[in-house]
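Chains, contacts and geometry: an overview
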Amino acid sequence: MDHHHQHHHHHQHYDGDENDYMQQEDDWDRDMLLDPAWEKQQRKTFTAWCNSHLRKAGTQIENIEEDFRDGLKLMLLLEVISGERLAKPERGKMRVHKISNVNKALNFITSKGVKLVSIGAEEIVDGNAKMTLGMIWTIILRFAIQDISVEETSAKEGLLLWCQRKTAPYKNVNIQNFHISWKDGLGFCALIHRHRPELIDYAKLRKDDPMTNLNTAFDVAEKYLDIPKMLDAEDIVGTARPDEKAIMTYVSSFYHAFSGAQKAETAANRICKVLAVNQENEQLMEDYEKLASDLLEWIRRTIPWLENRVPESTMQAMQQKLEDFRDYRRQHKPPKVQEKCQLEINFNTLQTKLRLSNRPAFMPSEGKMVSDISNAWGALEGAEKGYEEWLLNEIRRLERLDHLAEKFRQKAAIHEAWTEGKEAMLTQKDYETVTLSEIKALLKKHEAFESDLAAHQDRVEQIAAIAQELNELEYYDSPSVNARCQKICDQWDALGALTQKRSEALQRTEKLLETIDQLYLEFAKRAAPFNNWMEGAMEDLQDTFIVHTIEEIQGLSTAHEQFKATLPEADKERQAILGIHNEIAKIVQTYHVNMAGTNPYTTINPTEINAKWDKVRQLVPQRDQALIEEHARQQNNERLRRQFANQANVIGPWIQTKMEEIGRISIELHGTLEDQLTNLRQYEKSIVNYKPKIDQLEGDHQQIQEALIFDNKHTNYTMEHIRVGWEQLLTTIARTINEIENQILTRDAKGISQEQLSEFRASFNHFDRDHSGTLGAEEFKACLISLGFDIGNDAQKRTGLMDGEDFRTCLISMGYNMGEAEFARIMSIVDPNRLGVVTFQAFIDFMSRETADTDTADQVMASFKVLAGDKNYILADELRRELPPDQADYCISRMAPYTGPDAVPGALDYMSFSTALYGESDL
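Residues numbered from 1 in each chain as written. Predicted model: local features only at pLDDT ≥ 70, side-chain atom pairs only at ≥ 80, totals over all residues. Heavy atoms only, no water.

The name given to the chain in an unreviewed UniProt entry is Actinin, alpha 1, and the organism recorded there is Astyanax mexicanus. As its UniProt record puts it under Sequence similarities (unreviewed entry), the chain is described as follows: "Belongs to the alpha-actinin family." (UniProt positions renumbered as here; feature names shortened; annotations may be inferred.)

In structure tokens form, the structure reads like this:
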């Protein structure tokens, strides 16, 4: 092809760029419509191609139509493959932000001379797969294929030509296009083998094993050439015509991998060689200058620091200086020594290199010659040596000062700690309120303190000496040391004075307290017996007394008068005791002693003594009064006793006389019962007339009882005696009268003669020895013995009255013969109340029955029989006719109807009535 043709062709191609792209656009649309398998291949290939670039920016895409939707990775991809910066992306998540970012990418592609037809940002953002693949293909064409140029041929043709050239030596490879020519995989293997024969054993490959060939090529390319797998062996083998765009994209990666490397190598090598020499020399010069400047600057800064000889006042600050100097020696200086050495080496190396490469020798700038640096260094070393010596001397001086100051502080601190609270202790007035034993203890304690104080004198002197030395050595903190020393010395003097003062106060207090103690003891010795005397006196004066006679009360009064005579002497003793107390009070007041507590020897105090004394004085007149009153009472009692005795001594014998008279009368009664009754009644009247005298005596007795008089030596008669005698007198006379009356009744009822009655009476009285009006066992025994009975054990039954057994024996003695039942019946008659004694009345009644007619009920029955005209029954009319009306009514109302065989209407049973009258059915 001639030059012109070539040119024309090229031009035509260039002019047709726009059409070319258009054309491709149409092809692309048609392809997509035709074959979905191609879309699948493109999707895989384009994704891998994008990732091969994106990984340089540390990212990847997974899904081609999804991951470019927000425009961010799209912009990143363009930046990586173009090596240029795009406009700053928007980070928002909204659709508007995404469209904006995609547009920035599309604008960039357009700016690279590519016309984008029917590709809009919205479709990309919406994830339109067809559009997205089209856009990526446009990018691949522009950035990976358009710039390929092989012998005047460019882009697609250029790439095809490059493949043909490289595979020419391989007989079984014939590349004519970008689709079916590659199906057996040998083309890929040949490209790799041509450039890197060590990677593939080409001789072993077979044309009829496309899968192995393809996979071998893809694996090797990925592993050794850094070309990612962009195709699938199955897709290529399984598609009649593999996708052209996918194959082109993958093959372009081989072109870039191999062709670029070759060209650059040769061109660059030559240039680099020349440049490297110059660059290195220039760098060495620059380094020397900078290193020299830095080192000199450092020396300039360091020397003044080493020449500074201003001493620090404290050890700590000097130690810090030494520490800083050591740091300088250990850390700061060694690198500089290193730098100085390096500088000299660099300088020598540089001069040698310049000489060898025909370049002029190096001249450092003013003042940075190797000799300048050596001089500066020498000066540094000199300053350093002087500085170290000065530091060590200064530290030794401060060490000595510090040691002294520390010693001063330590001794001062010990001393101050010891004196802490000592002034307060010495000025306290504790001795004002203590007891004698406590003051003695305080004195002992103070003596101990005084010897302690003396022992501390040495230390105070040492402290003063150290302070003096520190002043002479010009210690930086001398003013505070002096102040402290002065304070210690002043305080020491003060302590001495206070110690003396306290010592005197303690001794003075001891003397006072000893005096007071003596007085206390004396007070106690005298107050105790006096107090006991007063307590005894109070007890005696208040002692209650019970007297019964004038003599006793006179005895008490005499004793009381004797006691009163001792009072003036006692008062003198009281005043003496109080005098002791006043003496103590005077001492306390005069010397202002604060008394601690009270008298240790006694609990008795003046107030108590005075109170008790007043009480005694108050009790004396009270006692006088009580004695006077009691005296009067006793006189009155004596009068009452005599008054009662005078009467009782008359009345008592009178009653006794009367009792005896009655006893005699009842035995020696004469005349008829009626005469006896009259005599007794008159006698009774004379006794009753004596009653007022008894009443008067009762009145006197009442007074005696009210006066609580319990004994009376003027008489042996008590009121009880008199009362009992009087009652007995009255009952005896009454009973005697009653017996006479009963005898009259008995006599009249039973028809017993006066003689019989007298006989019974005489025999009863004969055995009633004690005149009790009843027969007792003793009397009865006598009766039985007189009748010639031997009663045996019965005599031992001392019942005091006649009991059943005695009575039975008596009956037997009188000629009764009876069994148990008969005796029980008799007993029930004589002793109806089961009292076990037999009165005279009961005895008479029984004897009357026995001696008079015994068939009383039968007699009545016989009388009724007469009235009834011999019938066994009686009629009401017959009764009314014969008896008074009320008697008749009584009989009618009480008689039961008669029930015998001869009964008539209205017949009444007078027999059972008669029996019932006596209450005895079988007597």
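Notes on the pattern of salt bridges
The final tally for this structure, using the stated rule, is 53 salt bridges. Across the salt bridge formed by K40 and D235, the nearest N and O atoms sit 3.5 Å from each other. Residue K40 is found in helix α3 (residues 36-54), and its partner D235 is found in helix α12 (residues 233-238); the two are separated by 195 residues along the sequence. Under the relative-accessibility criterion, D235 is labelled buried at 12%. The salt bridge involving R55 is made with D226; its shortest N-O contact spans 3.0 Å. Taken together, the positions of R55 in the loop between α3 and α4 (64-67) and D226 in the loop between α11 (210-224) and α12 put the pair 171 residues apart, joining distant regions of the chain. Classification of R55 by relative accessible area gives partly exposed; the value is 37%. If you follow the salt bridges from partner to partner, you end up with R329, K333, E381, E384 and E388 in one network. (Salt bridge = Lys/Arg side-chain N within 4 Å of Asp/Glu carboxyl O. Helix = DSSP H or I, 4+ residues; strand = E, 2+ residues; numbered from the N terminus. Buried < 20%, exposed > 50% of the residue type's maximum accessible area, 1.4 Å probe, protein only.)

As for the UniProt feature "coiled-coil region" (unreviewed entry) in the chain
In the numbering adopted here, UniProt assigns the feature "coiled-coil region" (unreviewed entry) to residues 274-301 and 439-473. Strand forms 0% of residues 439-473 and helix 94%; the C-alpha atoms that close the span are 51 Å apart.

Considering the nonpolar core
Most often, soluble globular proteins have nonpolar side chains that are buried together. Of all hydrophobic cores here, the largest spans 75 residues; its most connected members are I139, F188 and F254. Ranked by the residues each element gives to this core, the list is headed by helix α8 (residues 129-145), at 11 residues. What F188 contacts, discounting residues up to four positions off in sequence, is W182, L214, A217, F218, L231, I247, Y250, V251 and F254. The next biggest cluster of nonpolar side chains, apart from the first, holds 49 residues, and it includes I299, Y328, W377 and W492. (Core = buried A, V, L, I, M, F, W, Y, C linked by side-chain atoms within 4.5 Å. Contact = heavy atoms within 4.5 Å.)

Things to note about helix α20 (residues 550-565)
Under the 1.5 Å per step criterion, the end-to-end length of α20 is 23 Å for 16 residues, consistent within 8% with the ideal 22 Å. Taken together, the buried positions of α20 are I550, I553, H560 and F563. Along the axis of α20, the buried positions cluster into a sector of 140°, meaning they face one direction only. Turned more than 90 degrees away from the buried face of α20, the exposed residues are E551, Q562 and A565. (Expected span 1.5 Å × (residues − 1). Arc of directions from axis to C-beta.)

Re a nonpolar patch on the surface
Residues Y890, L917 and Y918 make up a contiguous nonpolar surface patch of about 290 Å² in total accessible area. Along the chain, Y918 turns up in helix α34 (residues 910-918). (Patch = residues over 30% accessible without salt bridge, like charges linked within 9 Å, V, L, I, M, F, W, Y side chains within 5 Å. Areas by Shrake-Rupley, 256 points an atom, 1.4 Å probe, with all protein chains shown as cover.)

Some words on α11
The terminal C-alpha atoms of α11 lie 21 Å apart, and with 15 residues this matches the ideal 21 Å at 1.5 Å per residue to within 8%. Every buried residue belonging to α11 is among N213, L214, A217, F218, V220 and A221, and all of these are buried. Taken down its axis, α11 places every buried residue within 165° of arc, on the same side. One or two residues past the end of α11 sits D226, with phi positive at roughly 65°.

Topic: the confidence of the model for the chain
The pLDDT averaged across the chain works out to 80; a share of 82% of its residues lies at or above 70. A low-confidence stretch, residues 1-34 stays under pLDDT 50, and its non-local contacts, those more than four residues away or across chains, total 27 contacts. Contacts for the low-pLDDT stretch residues 787-801, under 50 throughout, to residues beyond four places or in other chains number 24 contacts. (pLDDT = per-residue confidence, 0-100.)

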